[in-house]
Amino acid sequence: MKAISVSNLSAGYGNDPVISDISFDLECGHNLSIMGANGSGKTTLLRSLTGLIGYKGNISILGQDLGSLKRRQIAGMMAMMSQLSPVYFSYSVRETVELGRYARRDNERHQKGASFLNMQLSHQSLVHDREVVDKCLEMTGLKDIEKKQISALSGGQLQRVFLARCFAQETPIILLDEPTNHLDLKYQAELMEHLETWSKGETALYDGTVVPNTLIGVFHDISLAVEVSSDMIFIKSGKVLCKGEKDKVLTADVLEEAYGMDVAGYMNRQRRIWGTLT
Ligand SMILES: Nc1ncnc2c1ncn2[C@@H]1O[C@H](COP(=O)(O)OP(=O)(O)OP(=O)(O)O)[C@@H](O)[C@H]1O
C-alpha cells in the first residue's frame, strides 16, 4: 500500500504558489527525506501533506483522498511535528504529551458509534493511554520533568515534548520538520536510533488495520537524512529537482544544484577535521 501519493501538487500562502508541479509516491514502510536550501518550500510541502494549508492537485493518504478526510481521520493516520513556534499557553509536560492521545480516542469513539456508553473511556483504554504516554516520556528523557510547565522549558526540552506528543498519537505515518533542531548530541543520537527502530515497525490504525510505519522528514543535516531514509526528494525553488531511492539520487551534482555550493567538498573537509579526533 502507498503511504502517500501526490500528483501535480501546488500550494502556498497567497495567490502565487510556493511549491508547484510536485508528484511522488511513497510506499508504506519507506522513509522519505525532503531536502533543499532555505526557503525552497520543504515545510510548505510538509504542511500541504497534512491538509494544513490549501493545495491544488491530488494527495492521497493510505489510499484515501486527503480532501475527503475529516481532521480527526487525518490525525488518526499521521502525526506532524513542526518547527518550534512560541508557546502561548501553559500545560505540564505530561499534559502536553497526553494531548497526542486525543485523536486516537476520538476516532475509536466514532468507530464504535457515539452512544453514551461508548463515549465513556474504558478502563483498558485509559491504562493503554497511560502506558503510551509513559513510554514516550521515557523515550524522550522527559519523565523527570513531566510535571514542569512547558512555558518554563529550554528549546531542546520543548522540542522533545513535541516529539513525544507526536509519537503518543500512535500513527503509522509521522512527519517531522527538522526534528533534531535544538537537541544536544545525546538526544540527537537517541532520536535517530528511535526513528530507525520505529520505522522498522508497524502500527494498527484505530480500525485495527496494521500498517508498516512510514517516516517523512525535513532534514538540514545530510548525514542524518542518509542515516534515516530510504528515499529522498530534493526541492529547488518549489519544484522537484530530483527524487527516488537514496542511493540513486544522492550525488555530488544533485547536492551542488540543490544547495548552490560544493557540498561534497564541504563534507570531505568535515571528514578531514573529524578524522583526526582521538
Ligand atoms: N506562513 C507563510 N506566509 C507566507 N509565506 C510563507 C509562509 N511560510 C513560508 N512562506 C514562504 O514560502 C517560501 C518557502 O518557505 P518554507 O518554509 O516552505 O521553506 P523551507 O524550505 O522549509 O525553508 P527553511 O529551510 O528555511 O526552513 C519562503 O519564501 C517563505 O517566505
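Residues numbered from 1 in each chain as written. Predicted model: local features only at pLDDT ≥ 70, side-chain atom pairs only at ≥ 80, totals over all residues. Heavy atoms only, no water.

Under an unreviewed UniProt entry, the name given to the protein chain is Iron ABC transporter ATP-binding protein, and the organism recorded is Butyrivibrio fibrisolvens.

## Points about the site of the ligand
Close contacts around the ligand come from 14 residues, with G39, G41, K42, T43 and T44 the closest. At 3.2 Å from an oxygen atom of the ligand is found a main-chain nitrogen or oxygen belonging to S40. Here an oxygen atom of the ligand and a side-chain polar atom of T43 are 2.8 Å apart. Burial of the ligand by the surrounding chains reaches 58%, relative to a free accessible area of 630 Å². The dominant element in the shell around the ligand, judged by the number of residues it contributes, is helix 1 (residues 42-49), at four residues. (Near = heavy atom within 4 Å. Polar contact = N/O pair within 3.5 Å; in protein donor to acceptor, adjacent residues only side chain to side chain. Areas by Shrake-Rupley, 256 points an atom, 1.4 Å probe, with all protein chains shown as cover. Helix = DSSP H or I, 4+ residues; strand = E, 2+ residues; numbered from the N terminus.)

## Observations regarding the pattern of salt bridges
Under the counting rule described, the total for this entry stands at eleven salt bridges. With a closest N to O distance of 3.3 Å, R94 and E98 form a salt bridge. Of this pair, R94 and E98 both sit in helix 3 (residues 93-98), separated by four residues, roughly a single helical turn. According to the relative accessible area criterion, E98 is partly exposed, its value standing at 37%. A salt bridge links D129 to R101; the nearest nitrogen and oxygen atoms lie 2.8 Å apart. One end of the pair, D129, is in helix 6 (residues 123-139); the other, R101, is in the loop between helix 3 and helix 4 (102-112), and 28 residues separate them in sequence. For the pair D129 and R101, one class covers both residues: buried. Residues participating in the shared-partner salt-bridge network are R94, E98, D134, K143 and E146. (Salt bridge = Lys/Arg side-chain N within 4 Å of Asp/Glu carboxyl O. Buried < 20%, exposed > 50% of the residue type's maximum accessible area, 1.4 Å probe, protein only.)

## What to know about a nonpolar patch on the surface
A contiguous nonpolar surface patch, about 280 Å² in accessible area, is contributed by F89, Y91 and L99. With respect to the element layout, L99 can be found in the loop between helix 3 and helix 4. Take L99: its relative accessible area is 42%, and that puts it in the partly exposed class. (Patch = residues over 30% accessible without salt bridge, like charges linked within 9 Å, V, L, I, M, F, W, Y side chains within 5 Å.)

## Quick notes on the packing of helix 6 against helix 7 (residues 155-168)
For the pair helix 6 and helix 7, interaxial distance at closest approach is 9 Å and the crossing angle is 145 degrees. Both helix 6 and helix 7 take part in a crossing whose hand is right-handed. Facing V132, C136 and M139 of helix 6, the residues of helix 7 in contact are A164, F167 and A168. Its residues assigned to classes, the contact of helix 6 with helix 7 comprises six nonpolar, no polar and no charged. (Axes fitted to C-alpha atoms, helices over the stretch in contact; angles between N-to-C directions. Left-handed = near helix turned anticlockwise from the far one by under 90°. Contact = heavy atoms within 4.5 Å. Nonpolar A, V, L, I, M, F, W, Y, C, P; charged D, E, K, R; others polar.)

## Details of the pairing of strand 6 (residues 78-81)
Looking along a regular strand, one sees the side chains alternate between the two faces of the sheet. Residue alternation in strand 6 divides its side chains into two sets, M78 and M80 and A79 and M81, and both sets are buried. Where strand 6 lies against strand 7 (residues 173-177), four bridges are found, and the strand directions are parallel. Each residue of the ladder has a partner; that of M80, found in strand 7, is L175. (Pairing = 2+ DSSP bridges.)

## Notes on the nonpolar core
Considering soluble globular proteins, one finds that nonpolar side chains tend to be buried as a cluster. Ranked by internal contacts, the top residues of the largest apolar core, which has 42 residues, are V97, I174, L176, L195 and F234. Beyond its immediate stretch of four places on either side in the chain, L195 contacts F167, L176, L215 and V228. (Core = buried A, V, L, I, M, F, W, Y, C linked by side-chain atoms within 4.5 Å.)

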